[in-house]
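This is what each chain is made of:
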Amino acid sequence: MKIYFIGICGTATGNVAILMKRLGHTVCGSDTGMYEPMKSALANAGVDAREGWNPKNLEEFSPDIVVVGNAISRMNVELEFMLASRKYKYTSLSALIGENLIGERKSLVVSGTHGKTTTTCLSAYLLRANSCNVGWLIGGVPTDLAEGGSNLGALDAPFTIEGDEYDTAYFDKRSKFIHYRPHILLVNNIEFDHADIFRDLIDVKRTFTHVRRIVSPLGAIVENGDDENIASLETTPWTKQIKVGFGDHCDVVIKNFTQLGDSSSFTLKYGNIEKTVEWNLQGEYNARNCAMASVGVALIMGGKHPLDLDLSALANFKGVKRRQEIILNTPKILAIEDFGHHPTALKLTIESMRQKYPDKKLYVAFEPRSNTAKMNVFQDAFGEALAMADCAYIGAVDTRKTAEDKRMNTAEMVAKHSPEKLKAFTTNAELLEHLSADISKESQNCVCVFFSNGSFDGIHKEFAKRFSI
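Predicted, not measured: the structure shown is a model, and the values here were computed from it.

What follows deals with the pattern of salt bridges. Under the counting rule described, the total for this entry stands at 23 salt bridges. In this structure, the salt-bridge partner of Glu147 is Arg128, at a minimum N-O distance of 2.9 Å. Separated by 19 residues along the polypeptide, Glu147 in the loop between strand 7 (135-137) and strand 8 (150-151) and Arg128 in helix 6 (residues 116-129) bring together distant segments of the chain. On the basis of relative accessibility, which here comes to 36%, the residue Glu147 falls in the partly exposed class.

What follows is the structure, given as structure tokens:
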């Protein structure tokens, strides 16, 4: 099959194009701004990726099907040519994944507002550690998986994938995970998020109700048993439900969590079976990610019970890049880059930093960049989370695609939530200069965390460079 991708250089789209090439299909595509590392990854895989939009690309390649990337919208010249010609079949990236990458394979779909990338990475890592030639698609860069964010694996082995609730394409407003036909569905948590496409929490819960309705009767739903929003969803008598959490009412209980400096430990309990994990990740939320992944992996491998697998490899698990990744470590300053665009994620990370570094002053820098982060619906929640730090610096709000009346007002946030701790800036460069000046005056050891789901204009890298000398 000849497959053409409009928007081929996106992280997900590029990885899927490479996997389709490995399946034996002829692949071509186009994009503007062919950025690294995906540009080189496509070239190394032998994928014909063309710079710029041009209808001649479609005419010359003559595809059997066109994949329209999630970021593509009307008025794209290739899309308009395709629709006008009426001779090309087209589909979304998520539909292609479900039909051609997952197909008849058992899928382990990891969903939830937070923790999807880490939990999907954990699932792939544990499956491989338990001798399964797993396939995966992860929306991040795994530290422990040499193949990176995607791998085809054996075609008769499970496929684990990050199940995003964001919409599929400009012509398909269903959540992406609807296309992944879950055999095992993990639901880490549910909160109001993606305010650009969901009206409210009820709307978010509706889409999670829909994906639960298509889980295989031979599979299972593994869910956070401590989450009230998940508990409020309809029951699923058509498939097994397993609750995982810290509460005694859960089927698999996480207990004895202990923060041990740069590592942590906890025990997973199912009936009379207990397994202890000692690893390098911090925070109770990561312990939950681990528990969810462990149960999902045991079930998709056909285990006799939800903890029927070897967890010893977790001692060497390093995680995902940009998730609490240390970018500077000197006797005075520890700087960390973290992927954060939701107030709950910031709150949980700041809490765990307090536990891990109780004697150090905590500085936080935050870039309101995503469609969720830059909206005023989360303004108070962000203010409350950031005020948990000793000092917090709020960067420039991305004004694109957000009406002014719905946009975060950082000046209001500072005024309402601890103006003695919070500082807001109109540019990220200005933030860097003020943060650097304050750190230079600091007499005690400190931790500085940079939260963003974008580039933060590279100020975290410049900060690390300045203070590494």
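Attention now goes to unusual backbone geometry. The phi angle at Arg181 is positive, at roughly 40 degrees, despite the residue not being glycine. Mapped onto the elements, Arg181 comes out in the loop between strand 11 (172-175) and strand 12 (184-187). Residue classification places Arg181 among the partly exposed positions, given a relative accessible area of 43%. Unlike most non-glycine residues, Asn256 shows phi in positive territory, near 60 degrees. Along the polypeptide, Asn256 turns up in strand 15 (residues 252-260).

With respect to topology, six strands assemble into an open sheet ordered 18-19-23-20-21-22, the strand pairing being mixed. Only two strands of the sheet have a single neighbouring strand rather than two, namely strand 18 (325-329) and strand 22 (422-424). When the angles between neighbouring strand axes are averaged without regard to direction, this sheet yields 15 degrees. Bridge count for strand 20 (residues 361-366) against strand 23 (residues 446-452) is six bridges, and the pairing is parallel. Looking at the pairing, Tyr363 lines up with Cys448 of strand 23. The strands touched by helix 10 (residues 343-356) within the sheet are strand 19 (333-339), strand 20 and strand 23, with strand 20 carrying the most contacts at an inclination of about 160 degrees. Strands in contact with helix 11 (residues 379-386) are strand 20, strand 21 (391-394) and strand 22; relative to strand 20, the strand with the most contacts, it is inclined by about 155 degrees.

For the rest of this paragraph, the subject is the pairing of strand 6 (residues 107-111). Within strand 6, five of the five residues are buried, which leaves it mostly tucked inside the rest of the structure. Judged by which residues are buried, strand 6 turns out to be covered on both faces: Ser107, Val109 and Ser111 on one side and Leu108 and Val110 on the other are all buried. For strand 6 and strand 12, the ladder comprises four bridges, and the chain directions are parallel. Counterpart to Val109 in the pairing with strand 12 is Leu185.

Our focus in this paragraph is the sheet that holds strand 13 (residues 220-224). Ordered in space as 8-7-9-6-12-13-14-15-16-17, the ten strands form an open sheet in which the pairing is mixed. The open sheet has two edge strands with one neighbour each: strand 8 and strand 17 (273-279). Two elements, strand 13 and strand 14 (residues 240-245), share five bridges in a ladder whose sense is parallel. Across the sheet, the residue bridging to Ala220 is Lys240, located in strand 14. Helix-sheet contacts for helix 5 (residues 93-102) involve strand 6, strand 7 and strand 9 (159-162), and the interaxial angle to strand 9 is about 165 degrees. Its contacts with the sheet place helix 7 (residues 201-212) against strand 6, strand 12, strand 13 and strand 14, and it is angled at close to 160 degrees to strand 12.

About the cut-offs
Residues numbered from 1 in each chain as written. Predicted model: local features only at pLDDT ≥ 70, side-chain atom pairs only at ≥ 80, totals over all residues. Heavy atoms only, no water. Salt bridge = Lys/Arg side-chain N within 4 Å of Asp/Glu carboxyl O. Helix = DSSP H or I, 4+ residues; strand = E, 2+ residues; numbered from the N terminus. Buried < 20%, exposed > 50% of the residue type's maximum accessible area, 1.4 Å probe, protein only. Pairing = 2+ DSSP bridges. Axes fitted to C-alpha atoms, helices over the stretch in contact; angles between N-to-C directions. Contact = heavy atoms within 4.5 Å.

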